[in-house]
Amino acid sequence: MWINNVMAWLLKSPLHSLVSKNMLLITVTGRKSGKPITTPTAYLREGNTLWLISQRSSKWWRNLRGGANVTVILDRKSVQGYGSVIEDEHAVAQRLFDNFKTDAQRAKFAQVRMDENGLPVFEDCERTAKKMLAVKIELQQ
């Protein structure tokens, strides 16, 4: 997809600060091919943990089932980590809720409404969890 190529170029360029606040490049190793697979994706950082949300229909995350080493380009720096996939719909809904509490713009993009207190509507998160999943990356220090 051409947008992924543009985003990857931008994240590696001196202009990375335009998007690197909430976008990174993740590289996983293909289980069948053994080749590196790199894709840009949005993230939320909590200390040394990165949370990524992906469409279930995407394929790159499948290489993280059962856990695997990954490399991320974060603020134009290569960082090693360990990634795992969360596919359970209830756990994904909770992760979406937690992410969207701090990022209402992404909630809107995912068609998750915010309630009168500014919190994501949990039933919208549950609906969205049917087509999305979470990836947890623990960064090495």
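Criteria and cut-off values
Counting starts from 1 at the beginning of each chain's written sequence and moves along it residue by residue. Residue-level local features of this predicted model are given only where pLDDT is at least 70; pairs of side-chain atoms are given and counted only at 80 or more, and the full residue set underlies all totals for whole chains, interfaces and linings. To obtain the side-chain values, all non-hydrogen atoms of the structure were included, while hydrogens and water were left out. To qualify as a helix, a DSSP run of H or I must reach at least 4 residues; to qualify as a strand, a run of E must reach at least 2; elements of each kind are numbered from the N terminus. Each residue's exposure class comes from its accessible area (1.4 Å probe, protein chains only) as a fraction of the maximum for that residue type: buried when under 20%, exposed when over 50%, partly exposed otherwise. Any two residues whose heavy atoms approach within 4.5 Å are treated as being in contact. Areas reported as accessible are Shrake-Rupley estimates using a 1.4 Å probe. Residue values count occlusion only from the protein chains shown. Here is the rule: rings of Phe, Tyr and Trp (six-membered ring for Trp) pair when centre to centre is within 6.5 Å. Planes less than 30 degrees apart are stacked, more than 60 are edge-to-face, and the remainder are tilted. A ring has a charge above it when a Lys NZ or an Arg CZ is no more than 6 Å from the ring centre and no more than 35 degrees off the ring normal. Here a salt bridge means any side-chain nitrogen of Lys or Arg lying within 4 Å of a carboxyl oxygen belonging to Asp or Glu. A helix is expected to span 1.5 Å for every residue after the first. At least two bridges found by DSSP between two strands are what make those strands a pair. Structural elements are reduced to axes, namely lines fitted to C-alpha atoms, with helices fitted over the stretch in contact, and the angle between N-to-C directions of any two is expressed from 0 to 180 degrees.

**Overview of the overall build of the chain**
Here comes step 1: Within the chain, the regular secondary structure consists of 4 helices and 6 strands.
Here comes step 2: Secondary structure elements in the chain, listed N-terminal to C-terminal, are α-β-β-β-β-β-α-α-α-β.
Here comes step 3: Each of the 141 residues in the chain was classed as buried or not, and the buried ones make up 44%.
Here comes step 4: Relative to all contacts within the chain whose residues are 6 or more apart in sequence, the contacts with residues 24 or more apart total 56%.
Here comes step 5: Of the roughly 8300 Å² that the chain leaves accessible, carbon and sulfur atoms contribute 53%.

**Topic: the packing of aromatic side chains**
Here comes step 1: Counted by the stated rule, this structure contains 1 aromatic pair.
Here comes step 2: Here Phe-97 and Phe-122 contribute two aromatic rings whose centre-to-centre distance is 5.9 Å and whose plane-to-plane angle is 65°, an arrangement assigned as edge-to-face. Of this pair, Phe-97 sits in helix α2 (residues 89-102) while Phe-122 sits in helix α4 (residues 122-129); the two residues are 25 residues apart in sequence, bridging distant segments of the chain.
Here comes step 3: Here Phe-97 falls in the buried class, since its relative accessible area comes to 16%.
Here comes step 4: When its relative accessible area of 25% is taken as the criterion, Phe-122 is described as partly exposed.
Here comes step 5: Over the ring of Trp-51 we find Arg-95, and its NZ or CZ is 4.0 Å from the ring centre.

**Regarding the pattern of salt bridges**
Here comes step 1: The full count for this structure, using the stated rule, is 9 salt bridges.
Here comes step 2: A salt bridge links Asp-124 to Arg-127, with the nearest nitrogen and oxygen atoms 3.6 Å apart. Residue Asp-124 and its partner Arg-127 are both found in helix α4; the two are separated by 3 residues, about one turn of the helix.
Here comes step 3: The exposure class of Arg-127 is partly exposed, given its relative accessible area of 36%.
Here comes step 4: The shortest N-O distance in the salt bridge between Glu-138 and Lys-136 comes to 3.4 Å.
Here comes step 5: Looking at Glu-138, the relative accessible area reads 32%, which means it is partly exposed.
Here comes step 6: Overall, the relative accessible area of 27% leaves Lys-136 in the partly exposed class.

**A closer look at α2**
Here comes step 1: When the terminal C-alpha atoms of α2 are compared, their 20 Å separation across 14 residues agrees well with the 20 Å that a helix rising 1.5 Å per residue should span.
Here comes step 2: For α2, the complete set of buried residues consists of Val-92, Ala-93, Arg-95, Leu-96, Phe-97, Asn-99 and Phe-100.

**Here we look at the environment of Glu-123**
Here comes step 1: Along the chain, Glu-123 turns up in helix α4.
Here comes step 2: Here Glu-123 falls in the exposed class, since its relative accessible area comes to 53%.
Here comes step 3: The sequence separation of Glu-123 and Val-112 amounts to 11 residues, and the corresponding C-alpha distance is 8.7 Å.

**Here's the deal with the sheet that holds strand β4 (residues 68-74)**
Here comes step 1: Strand order around the closed barrel formed by 6 strands is β1-β2-β3-β6-β5-β4, with antiparallel pairing between neighbours. Averaged over all adjacent pairs, the angle separating strand axes in this sheet is 40°, with direction ignored.
Here comes step 2: Where strand β1 (residues 23-29) meets β4, 3 bridges bridge the pair, whose relative direction is antiparallel. Note that in β4 the partner of Thr-27 across the bridge is Thr-71.
Here comes step 3: Each of β2 (36-46), β3 (49-55), β5 (77-86) and β6 (132-139) touches α2; the most contacted strand, β3, lies at about 110° to it.

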